[in-house]
Amino acid sequence: MNFSIDLRLFFVRFFSMNFFEATEMQAVDRETIASGLSGEVLMARASRKLASELLFFSDAQPRPVIILCGPGNNGGDGFGMACHLHHLNWPVEVWICVPEEKIKGDALLFYQRVKSEGISCRIMLEEENWKRVDAFLPPGAWLVDALLGTGSKDAPRGNIAAAVQFLRKFQGRHLIWSVDLPSGLNADTGTPFAEDCCVSADHTLTLGAAKTGFASDKSNFWTGSLSVLDLEFEAPLLAAHAKMDSPQYLSDREAADLFPVSVHNAHKGNRGHVLLIGGSLGMTGAISLSAWAALRGGCGLVTVLTPFSCAQIVDAAVPEAMVIHGKQGRSMTLSNQEINFSSYQAIAMGPGMRANYESSELLARVLKECKLPIILDADALNAYALFDPDHRETQAPLWLTPHPGEMARLLSYSTQKVLSDPARTVLESSKRFGARTLLKGARSRMATVEGAGWINLNGNPGMATGGCGDVLTGLLGSLIAQGVAKDKVLPLAVYIHGRAGDLAARRKGMTGMVAGDVVDAIPAVIKDLQGR
């Protein structure tokens, strides 16, 4: 293997995942099987991962599940998934959407297992079946789209199209999961072959690696949140087929590899200490949410510097955190003051702070005197945007976490310009400010100082609620303080934040969930990453 391939392998396996075109993903499957791993084993691995995701998002509480299966490997994964859920005593039913004689190969093996284990099957081949389908649906059932996979080259037809229309009919009334990709979606472009015949999933469980089309912001409407399930493909094989000029993202495997592992002799003093700076009268909730997220993210010690008029409120809201009664000015916000940074491994500034002359003086001092990693969020970003270049200089590693409006102020752009090309915008920010940058959104974009681009694939509309950004700030500070690699900590924090948001949405529903629900879900996400 030559040096250039070694580098490809290094970056693909140990640092990130790249996107794959459909044909390249199929080639990885074929070559894996040709190397000696049977298709049956690969399908069993995929179906186990699929079932595990449903188990995670249900908090291990069985839910009625109906799996719609097509004729190919996608249907085979659905059959195998049904077997795993059945073994867990879930009320699962399989709907066969093609004549039985069309089910062949490995998919047929798993279909035979479904029948041999007595799992309820319903043959859905007649128009009349779909007309009477309401009577078959248990209340609150989860619907799984295992109809078509990456082999599709055209819009669904015939009875598969009828199955797609059924799923579209119940969108918003039942939770819809798609296996690998929504049926009817072009894996390479992220757009449907026909918009009126494509599944719009709440959550897509994609196998092996994300498909090229998922990098498109437009694909989010069809895929919903994405879980990228690792199938343990060999690293050289992935390196040979990856689309190397695409942005990077984290799969479940990379996230688990990056998360810090606690040693048996761990204590609060060696699990990281983060200082959170912010809060003001009427805005104590923001810094309190950041503190809770930092603690839930595993940080051993969390200290909050907040105006003395807010300190008792924060102290009561987060009793596990330490609170410094900070100096405050006439506007009841933090004013310029001396800070001893020697006890901390990371600083996060901005949640609930309010931007004014006094807090801006404090920010300028922090940038000048602190050499620890610094995160700027919320009003710290708004103050930073008004600084002249000399006041922005710092010797500290810097993270910026703006939403589109804050990014527009930082770059003196219009918000429309920011949204028109988020990937280019986030790279411009990192280059201009010498900072690792996150642009928050439905498909959050990130960039390193060196210009590597990242995209996050999970999360949901329920996270568009006050305080969710403050949760992310605290979580990011926690992971930096715990020693996660500087160029990987931002993608990891955004991944955990999005996955916690997805779990909160399953627990509470997107409409009523609040930022505190995301905080509450963080420990379950981390427990799942660590497998214990």
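Note that the structure is predicted; figures quoted are calculated from it, not measured.

**Things to note about the sheet that holds strand 15 (residues 445-447)**
Pairing is mixed across the open sheet formed by nine strands, whose spatial order is 10-9-8-11-12-13-14-15-16. The outermost strands of the open sheet, each flanked by one partner alone, are strand 10 (322-326) and strand 16 (453-455). With strand direction ignored, the average angle separating the axes of adjacent strands in the sheet is 15°. Two elements, strand 12 (residues 374-376) and strand 13 (residues 398-400), share three bridges in a ladder whose sense is parallel. Each bridged residue has a counterpart across the sheet, and for Leu 376 the counterpart in strand 13 is Leu 400. With respect to the sheet, helix 20 (residues 489-508) is in contact with strand 13, strand 14 (436-439), strand 15 and strand 16, its orientation differing from that of strand 14 by roughly 25°.

**Regarding the pairing of strand 1 (residues 65-69)**
Counting buried residues along strand 1, five of its five residues qualify, which places the element largely inside the surrounding structure. Residues Val 65, Ile 67 and Cys 69 of strand 1 are buried on one face, and the alternating residues Ile 66 and Leu 68, pointing to the opposite face, are buried as well. For strand 1 and strand 2 (residues 92-96), the ladder comprises five bridges, and the chain directions are parallel. The residue of strand 2 that forms the bridge with Cys 69 is Ile 96. For the segment spanning strand 1, helix 4 (residues 73-87) and strand 2, crossover handedness is right-handed. Pairing of strand 1 with strand 4 (residues 142-146) involves five bridges; the strand directions are parallel. Opposite Cys 69, over in strand 4, you have Ala 146 as the bridge partner.

**Some words on the nonpolar core**
Residues Leu 54, Leu 68, Trp 95, Phe 166 and Ile 496 are the most contacted members of the largest nonpolar core, which totals 140 residues. No other element matches the 11 residues that helix 20 contributes to this core. The residues touching Phe 166, leaving out its near neighbours within four places in the chain, are Leu 68, Trp 95, Trp 130, Val 133, Leu 137 and Leu 143. Counting 38 residues, the second largest nonpolar core, distinct from the first, contains Leu 275, Ile 277, Ile 347 and Ala 408.

**Some points on the pattern of salt bridges**
Pairs can form between side chains of opposite charge whenever their charged atoms are close. What the rule picks out here adds up to 18 salt bridges. Between Lys 115 and Glu 100 there is a salt bridge, with the nearest N and O atoms lying 3.7 Å from each other. With a gap of 15 residues between them, Lys 115 in helix 5 (residues 105-116) and Glu 100 in the loop between strand 2 and helix 5 connect regions that are remote in the sequence. Take Glu 100: its relative accessible area is 37%, and that puts it in the partly exposed class. The salt bridge partner of Glu 369 is Arg 365, with a shortest N-O separation of 3.1 Å. On the criterion of helical spacing, the pair formed by Glu 369 and Arg 365 is a turn pair, its members being four residues apart in helix 13 (residues 357-369). Several salt bridges converge on common partners, so that one network encompasses Glu 53, Arg 499 and Asp 528.

The rules behind each value
- Residues numbered from 1 in each chain as written.
- Predicted model: local features only at pLDDT ≥ 70, side-chain atom pairs only at ≥ 80, totals over all residues.
- Heavy atoms only, no water.
- Pairing = 2+ DSSP bridges.
- Helix = DSSP H or I, 4+ residues; strand = E, 2+ residues; numbered from the N terminus.
- Axes fitted to C-alpha atoms, helices over the stretch in contact; angles between N-to-C directions.
- Contact = heavy atoms within 4.5 Å.
- Buried < 20%, exposed > 50% of the residue type's maximum accessible area, 1.4 Å probe, protein only.
- Right-handed = clockwise from strand over helix to strand, strands pointing away.
- Core = buried A, V, L, I, M, F, W, Y, C linked by side-chain atoms within 4.5 Å.
- Salt bridge = Lys/Arg side-chain N within 4 Å of Asp/Glu carboxyl O.

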